[in-house]
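Results of the structural survey
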Amino acid sequence: MRWAGLLACVLGSAALAADYGGPIFDAHLHYNEEAFNGSEGPHPLPDVLGRMQRNGVRAIVANSRPNDGTRSLAQAPETRQAGVTVVPFVRLYRNRADYDSWFRDESIYEMVQAELARGTAAGPYRGLGEFHLYESANANGPVARKLMALAEEKELAVLAHVDDAAIDLLMAHTPSKGAKARLIWAHTGIGGAPVARVEQLLAKYPRLMGELSYRPGLTCEGGRLCPEWRQLLLKYPTRFLLGSDTWVNQRWLYYDDTMKGYRAWLGELPADVARRIAWENGATLFGLRQP
């Protein structure tokens, strides 16, 4: 009986540690011109869709430089055949020079409006970004202010690569002062904002979501969840998303490893929490059907 009880405990622990096996929503994906420009590149559509398909990625937030990459993903029959739903965002960058000046460049605001009016053949854009603010004070730039207000008015989500100070500044530019703004915080903070500060912002802004790709301090030795992050995920299971951030071609080469890493630490969480973070939070945010 004693050995039987011990075996049951061992098997039970193994079951709890099993990798998450359900669908994944990749809420931070780029299909930039370096990967494929429409006629050539190392990662044409069959390649990237194959990577999503074999990793159980059933939906993506696509944002690309230029926006042609997002449209090609959203509109291609191959995407539907692969069972992948595309949630298209308008990227604010026409080229790499725009990274450092978009927040004050009126031509960016005009481009965004034109893209929103154009949409994609598969449907309208659902969000803005990813955009970067390397200095939080640039969140007060005139175009940053207008785009945050526009996003809330049109019920668009925003994907922002910013520090914690910029979150407060960006939210202040929305009509609701952040109460209704749908902001996805890329990497849940550049530079690794302390967990206590992340928790403070989640409590302050009810629709703020944390995207977890390449988040410093999220995992510890062996790819296991660090204790303070496990505690935060359990406290706010509806507020986190996964992403691949394929901004350079190397990230496409490691796409399988990224998703395997997610599945491993998700397996440490209760099954309902794991599925929320992996799939349901993104699906709920954008009204997607369950796969």
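Residues numbered from 1 in each chain as written. Predicted model: local features only at pLDDT ≥ 70, side-chain atom pairs only at ≥ 80, totals over all residues. Heavy atoms only, no water.

Identification of the protein chain as Amidohydrolase from Ramlibacter monticola is taken from an unreviewed UniProt entry.

**A closer look at the sheet that holds strand β5 (residues 157-161)**
An order of β1-β2-β3-β4-β5-β6-β7-β8 is seen for the eight strands of this open sheet, with the pairing classed as parallel. Since the sheet does not close on itself, it has two edges, and those belong to β1 (24-29) and β8 (240-241), each with one partner. Alignment of strand β7 (residues 209-211) against β8, held across two bridges, turns out to be parallel. Counted as the bridge partner of Glu211 is Leu241 from β8. (Pairing = 2+ DSSP bridges. Helix = DSSP H or I, 4+ residues; strand = E, 2+ residues; numbered from the N terminus.)

**Some thoughts on the side chain of His161**
The residue His161 is located in strand β5 in this model. Given a relative accessible area of 15%, His161 falls into the buried group. Looking at His161, its side chain comes within polar contact range of the side chain of His187, at 3.4 Å. Every residue in contact with His161, bar those within four places of it in the chain, is listed here: Glu130, Phe131, His132, Leu133, Ala186, His187 and Ile190. (Buried < 20%, exposed > 50% of the residue type's maximum accessible area, 1.4 Å probe, protein only. Polar contact = N/O pair within 3.5 Å; in protein donor to acceptor, adjacent residues only side chain to side chain. Contact = heavy atoms within 4.5 Å.)

**Regarding the packing of helix α5 (residues 106-118) against helix α6 (residues 142-153)**
Across the interface, α5 lies against α6 with an axial gap of 9 Å and an inter-helix angle of 25 degrees. On the basis of their axis angle, the class for α5 and α6 is roughly parallel. At the point where α5 passes α6, the crossing takes the right-handed sense. Judged by residue contacts, Glu106, Tyr109, Val112 and Leu116 of α5 engage Pro142, Val143, Lys146, Leu147 and Leu150 from α6. Taken together, the residues of the contact of α5 with α6 break down into seven nonpolar, no polar and two charged. (Axes fitted to C-alpha atoms, helices over the stretch in contact; angles between N-to-C directions. Parallel < 35°, antiparallel > 145°, perpendicular 65-115°, else oblique. Left-handed = near helix turned anticlockwise from the far one by under 90°. Nonpolar A, V, L, I, M, F, W, Y, C, P; charged D, E, K, R; others polar.)

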